[in-house]
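# Results of the structural survey
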Amino acid sequence: MSDVTHGSPLLVTASLTKSFCLGKNNTLEVLKGIDLTLNRGEMVALLGDSGSGKSTLIQILGTLDQPTGGTVSLDGTDLFKLNRKKQAEIRNQKIGFIYQFHRLLPEFTSLENVMMPLLIGREIPKIAKEKASKVLEQVGLKERLLHRPGQLSGGEQQRVAIARSIVTEPILLLADEPTGNLDRGTAWSIFELLQNLNQDLGLTCLMVTHNNELAQHLNRQVHMIDGCLAAHGDES
Ligand SMILES: Nc1ncnc2c1ncn2[C@@H]1O[C@H](COP(=O)(O)OP(=O)(O)OP(=O)(O)O)[C@@H](O)[C@H]1O
Ligand SMILES: [Mg+2]
């Protein structure tokens, strides 16, 4: 992408902490001061043992949960200084999510599932339909617009979920084990699709994965160890 801002910081966290209160005098510290910078156009793998705090971090970066302390700045905006309504707006406009399980709405078609975030953002239905069809074509599902999730293969369902995550043209894609539930071949094809989107759209992507082989193909790897980031690269 020829964006002049390519490579400048997009997402910056400083001293980010998260604790869960489990009862009186029982607090679980899950994130212990995360300083992470994602630069524009970067595709970064987030690795770490089960329970190390990866999903907790992703949820907070996407404003789906609140931190206990520290800051998250996205595109120059301090996310947790905003009220919940404004956070929801930013989430809808600037952030895309992909999960291990697709979380598509079973009673809706591929097209309707992908239109959903646009309609939530008050897009005109006709335009939402056009945009959703185009993105579904982009992920190779032109012939599956009217299928419901139950009528699609696992890889196809994940492609619909990817289409849904990018239809609003987000600047940040947060993916929590997007290939974790797929066989090796399908995982690679989904991974390649994400790489193409990263290259074609300049999309910045943080991807949680347990798959070291995939992670090595990304620009950078960061490792979460018991709520802390082990520096491998330039997170500072
Ligand atoms: N709402 C919650 N209340 C209490 N503890 C929680 C909550 N959410 C997460 N935790 C705890 O925080 C720790 C980190 O969880 P998290 O889901 O972030 O791990 P993870 O690195 O994503 O693991 P996995 O690779 O298994 O998905 C776990 O020990 C978990 O039990
Ligand atoms: Mg997780």
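Definitions and cut-offs
Residues numbered from 1 in each chain as written. Chains lettered and ligands numbered in written order. Predicted model: local features only at pLDDT ≥ 70, side-chain atom pairs only at ≥ 80, totals over all residues. Heavy atoms only, no water. Near = heavy atom within 4 Å. Polar contact = N/O pair within 3.5 Å; in protein donor to acceptor, adjacent residues only side chain to side chain. Areas by Shrake-Rupley, 256 points an atom, 1.4 Å probe, with all protein chains shown as cover. Pairing = 2+ DSSP bridges. Helix = DSSP H or I, 4+ residues; strand = E, 2+ residues; numbered from the N terminus. Axes fitted to C-alpha atoms, helices over the stretch in contact; angles between N-to-C directions. Contact = heavy atoms within 4.5 Å. Salt bridge = Lys/Arg side-chain N within 4 Å of Asp/Glu carboxyl O. Buried < 20%, exposed > 50% of the residue type's maximum accessible area, 1.4 Å probe, protein only.

## Overview of the site of ligand 1
The environment of ligand 1 is formed by 14 residues, the closest being Ser-50, Gly-51, Lys-54, Ser-55 and Thr-56. The contact in question runs from an oxygen atom of ligand 1 to an N or O atom on the backbone of Gly-53, over 3.0 Å. The contact in question runs from an oxygen atom of ligand 1 to an N or O atom on the side chain of Thr-56, over 2.6 Å. If ligand 1 stood free it would expose 640 Å²; the protein chains cover 61% of that surface.

## Some thoughts on the sheet that holds strand β7 (residues 172-176)
Hydrogen bonds between backbone groups are what pair the strands of a sheet, and the pairing can be parallel or antiparallel. What the six strands build is an open sheet, ordered β6-β7-β8-β3-β9-β10; its pairing is mixed. Looking along the sheet, the strands with just one partner apiece sit at the ends: β6 (95-98) and β10 (228-230). Direction aside, the axes of adjacent strands within the sheet are offset by 25° on average. As paired elements, strand β3 (residues 43-48) and strand β8 (residues 204-208) share four bridges and run parallel to each other. Bridge assignment links Leu-46 to a residue of β8, and that residue is Val-208. Together, β3, β6, β7, β8 and β9 (220-225) form the strand contacts of helix α1 (residues 54-61), whose direction differs from that of β3 by roughly 140°. Sheet strands in contact with helix α5 (residues 154-166) are β6 and β7, and its direction is about 165° off that of β6.

## Focus: the pattern of salt bridges
Going through the model one piece at a time under the given rule, you end up with 11 salt bridges. The salt bridge partner of Lys-126 is Glu-130, with a shortest N-O separation of 3.4 Å. One end of the pair is Lys-126 and the other is Glu-130, both in helix α4 (residues 125-138) and four residues apart, which spans about a single turn. A relative accessible area of 60% places Lys-126 in the exposed class. On the accessibility criterion, Glu-130 (46% relative accessible area) is partly exposed.

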